[in-house]
Amino acid sequence: MNQKLQITSEQVGDSLVLVPLDRVDSSVARDFEDFLDARMQEGHTKLIVDFSKLGFISSAGMRVLLINAKKLKPSGGRLVLCKMRAGIREIFSISGFDHIIKICDSREEALAAM
Amino acid sequence: MEVSSSLRHLRSVREFVVQHARQAHFPEDAIDECRLAVCEACTNVIEHAYQGQPGRLVKVSVAVGPDRLSVRITDNGKAFDRSTYFEPEIRRLARERRSGGLGVHIIRRLMDRVEYRSRDGKNEIRMVKYRP
């Protein structure tokens, strides 16, 4: 059983698309935060998180996204989420996160939103 | 099932609950909600009741009836003080490093009934999801 954060990244234009795999729960939330911090330290300010390979995210993972979306704002950067399955989208909606972080249906829509 | 108070056991707890819900033919969106609620509740036990201390006991039991799925989680840690709980303001969570009660908020929104009890050093959360 893999207890480590699994995530891939891909540069598309001037955006960095991150694809977390499997799950982001409290056991890997700190690693997820460190990973995002490292990308920002490298100078990436346009981040897209593609949820298509994510089976589960808990409030710990959601909070990391929220914190980093806020961090990017002053520098004109942005964090956009895309390709959520309906169950996860619903959870972002009931927790009110969708009012603060942009959520797109497709990666193309997310790239266009940057 | 019984697990020790480590976040690395969250996956097996989630799978335990999902397995029972699937056997009872609960719809997948309701299973998604139960899975997240149970994960949030167990995370709270590990991080708050046991304050990150490893090796403590977390008990999770699931009962499936014709109209509902019930989950009970018990621990022997610090009791959840409801008087200090306020529904989180999401924008504030982005500024603050603390958890901010988001897990409890999510549990309450996802499950149909949620009850906490603390007595004689034992804490219990009971959550019920009715079959849609």
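Residues numbered from 1 in each chain as written. Chains lettered and ligands numbered in written order. Predicted model: local features only at pLDDT ≥ 70, side-chain atom pairs only at ≥ 80, totals over all residues. Heavy atoms only, no water.

Asks: Would you explain the interface of chain B and chain A in this entry?
Replies: Many descriptions give the size of an interface as the accessible area lost when the pieces come together. Contacts between the two partners involve 27 residues from chain B, matched on the other side by 28 residues from chain A. A buried area of about 2,300 Å², summed over both sides, lies between chain B and chain A, and 60% of it is on carbon and sulfur atoms. Taken together, chain B and chain A are joined by three salt bridges. Linking arginine 14 of chain B and aspartate 25 of chain A is a salt bridge whose minimum nitrogen-to-oxygen distance equals 2.8 Å. Of all the elements in the fold, those that place two or more residues in the side of chain B that touches chain A are α1 (10–23), α2 (28–49), α3 (90–95) and α4 (102–110) of chain B. With eight residues, α2 of chain B is the largest single contributor of residues to the side of chain B that touches chain A. (Contact = heavy atoms within 4.5 Å. Buried area = accessible area lost by both parts, 1.4 Å probe. Salt bridge = Lys/Arg side-chain N within 4 Å of Asp/Glu carboxyl O. Helix = DSSP H or I, 4+ residues; strand = E, 2+ residues; numbered from the N terminus.)

Asks: Please explain helix α3 (residues 86–94) of chain A as it appears in this structure.
Replies: Three- or four-residue spacings in an α-helix give side chains the same orientation, since the helix completes a turn every 3.6 residues. Every buried residue of α3 of chain A is accounted for by Gly87, Ile88, Ile91, Phe92 and Ile94 of chain A. Buried positions along α3 of chain A lie against β5 (54–57), α2 (59–72), β6 (78–82) and β7 (102–104) of chain A together with α2 and α4 of chain B. Glycine 96 of chain A sits one or two residues past α3 of chain A and shows a positive phi near 85°. (Buried < 20%, exposed > 50% of the residue type's maximum accessible area, 1.4 Å probe, protein only.)

Asks: Explain the nonpolar core here, please?
Replies: Nonpolar side chains in soluble globular proteins tend to end up buried together. By size, the foremost hydrophobic cluster in this structure holds 73 residues, and its most contacted members are Phe51, Leu65, Leu81 and Phe92 of chain A together with Ile73 and Met127 of chain B. The element best represented in this core is α2 of chain B, accounting for twelve residues. If we skip the residues at most four places from it in the chain, phenylalanine 92 of chain A touches Phe51, Ile57, Met62, Leu65, Leu81, Met84, Phe97, Asp98 and Ile103 of chain A. Residues Val17, Ile48, Val80 and Ala110 of chain A belong to the second largest nonpolar core, which totals eight residues. (Core = buried A, V, L, I, M, F, W, Y, C linked by side-chain atoms within 4.5 Å.)

Asks: For this particular structure, what's the right way to read the pattern of salt bridges?
Replies: Side-chain pairing between opposite charges can occur once the charged atoms of the two side chains come close. Counting across every chain of the model gives 18 salt bridges over all chains. Through salt bridges with shared partners, a single network forms among Asp22, Arg23 and Asp25 of chain A together with Arg11 and Arg14 of chain B.

Asks: Would you take a moment to explain the sheet that holds strand β1 (residues 2–4) of chain B for this structure?
Replies: Each strand in a sheet pairs with another by means of backbone hydrogen bonds, the pair being arranged parallel or else antiparallel. Residues and elements named next belong to chain B. Strand order in the open sheet made by the five strands is β1-β2-β3-β5-β4, with antiparallel pairing throughout. Edge strands, defined here as strands with exactly one partner in the open sheet, are β1 and β4 (113–119). Within this sheet the neighbouring strands show an average axis-to-axis angle of 15°, counted without direction. In this sheet, strand β5 (residues 122–130) lies alongside strand β3 (residues 68–75) in antiparallel orientation, the contact comprising eight bridges. Each bridged residue has a counterpart across the sheet, and for threonine 74 the counterpart in β5 is glutamate 124. Of the strands in this sheet, β2 (57–64), β3 and β5 touch α2, which is tilted by about 10° from β3. In this fold α4 packs onto β4 and β5, with an angle of close to 130° to the strand it touches most, β4. (Pairing = 2+ DSSP bridges. Axes fitted to C-alpha atoms, helices over the stretch in contact; angles between N-to-C directions.)

Asks: Looking at this structure, I do not really get the sheet that holds β7 of chain A. What am I missing?
Replies: Residue and element names in this part refer to chain A. If you walk across this open sheet you meet the five strands as β1-β2-β4-β6-β7, and the pairing is mixed. At either end of the open sheet lies a strand with only one pairing partner, and these are β1 (7–12) and β7. When the angles between neighbouring strand axes are averaged without regard to direction, this sheet yields 25°. When β6 meets β7, the two strands line up parallel, connected through three bridges.

Asks: Would you take a moment to explain the pairing of β2 of chain B for this structure?
Replies: As a general feature of sheets, a regular strand has side chains that alternate between the two faces. Residues and elements named next belong to chain B. Across three bridges, the pairing between β1 and β2 is antiparallel. If you follow valine 3 over to β2, its bridge partner there is valine 58. Note that β2 and β3 share six bridges and pair antiparallel. Bridge assignment links valine 64 to a residue of β3, and that residue is leucine 69. In this structure, the hairpin formed by β2 and β3 is closed by a connection of three residues.

Asks: Help me out: how do you make sense of the packing of helix α1 (residues 29–41) of chain A against α2 of chain A in this one?
Replies: All names here are of chain A. The interhelical angle for the contact between α1 and α2, taken along N-to-C directions, is 20°, at an axis separation of 9 Å. One way to sum up the angle between α1 and α2 is to call them roughly parallel. Remark: the crossing between α1 and α2 carries right-handed chirality. Of the residues in α2, those in contact with Ala29, Phe32, Glu33, Leu36, Asp37 and Met40 of α1 are Ala60, Gly61, Val64, Leu65, Ile67, Asn68, Lys71 and Leu72. (Parallel < 35°, antiparallel > 145°, perpendicular 65-115°, else oblique. Left-handed = near helix turned anticlockwise from the far one by under 90°.)

Asks: What exactly am I supposed to notice about the environment of arginine 39 of chain A here?
Replies: Residue and element names in this part refer to chain A. Relative to the helices and strands, arginine 39 resides in helix α1. Separated by 23 residues in sequence, arginine 39 and leucine 16 place their C-alpha atoms 8.7 Å apart. For arginine 39, the contacting residues outside a window of four places in its chain are Leu16 and His44.

What is shown is where atoms sit, not what they do.
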